[in-house]
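Coordinate analysis (summary)
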Amino acid sequence: MKHQICDLEATPEWLTLESIDYIVECLEACKSPEMLADLRAIFPRAALRSASIKVSKAQRQRIVNWLQVLNQEEKAA
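Summarised in this report is the structure supplied together with it. Everything quoted here is computed from the prediction, not taken from an experiment.

**Quick word on the side chain of S19**
As for its placement among the helices and strands, S19 is situated in helix α1 (residues 17-29). Among the polar contacts listed, one links the side chain of S19 to the backbone oxygen of E13, at a separation of 2.8 Å. When near neighbours in sequence (up to four residues on either side) are disregarded, S19 contacts E13 and W14.

The structure is reproduced here in structure tokens:
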């Protein structure tokens, strides 16, 4: 399955503490690879990267696992 990935550059507005904290909340609430794919379609990569270092260790590991699943799906598509 082909998932859309946001190709926007992370403007300074995306990288404010308020924006990063919001993205952290979204990442913490993420429950599946499909939800993560939706977030990747919405938020610029650099903003997601900045937020991902602030999520809990357990959630970060789930995200890493989901990214592997999504990347495998991309290769198979």
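**Focus on the layout of surface pockets**
Taken as a whole, the largest pocket spans an internal volume of roughly 260 Å³. Forming the boundary of the largest pocket are I5, L27, L36, R40, R45, L48, R49, S52, R60, I63, V64 and L67. Those elements giving two or more residues to the lining of the largest pocket turn out to be α2 (33-42), α3 (45-52) and α4 (57-76). In the lining of the largest pocket, the residues fall into seven nonpolar, one polar and four charged.

Rules of the game
- Residues numbered from 1 in each chain as written.
- Predicted model: local features only at pLDDT ≥ 70, side-chain atom pairs only at ≥ 80, totals over all residues.
- Heavy atoms only, no water.
- Helix = DSSP H or I, 4+ residues; strand = E, 2+ residues; numbered from the N terminus.
- Polar contact = N/O pair within 3.5 Å; in protein donor to acceptor, adjacent residues only side chain to side chain.
- Contact = heavy atoms within 4.5 Å.
- 1 Å grid on protein atoms, 1.4 Å probe; cavity = no way out; pocket = protein on both sides within 12 Å on 5 of 7 lines; lining within 4 Å.
- Points joined across faces, edges and corners; volume = space filled by probe spheres on them.
- Nonpolar A, V, L, I, M, F, W, Y, C, P; charged D, E, K, R; others polar.

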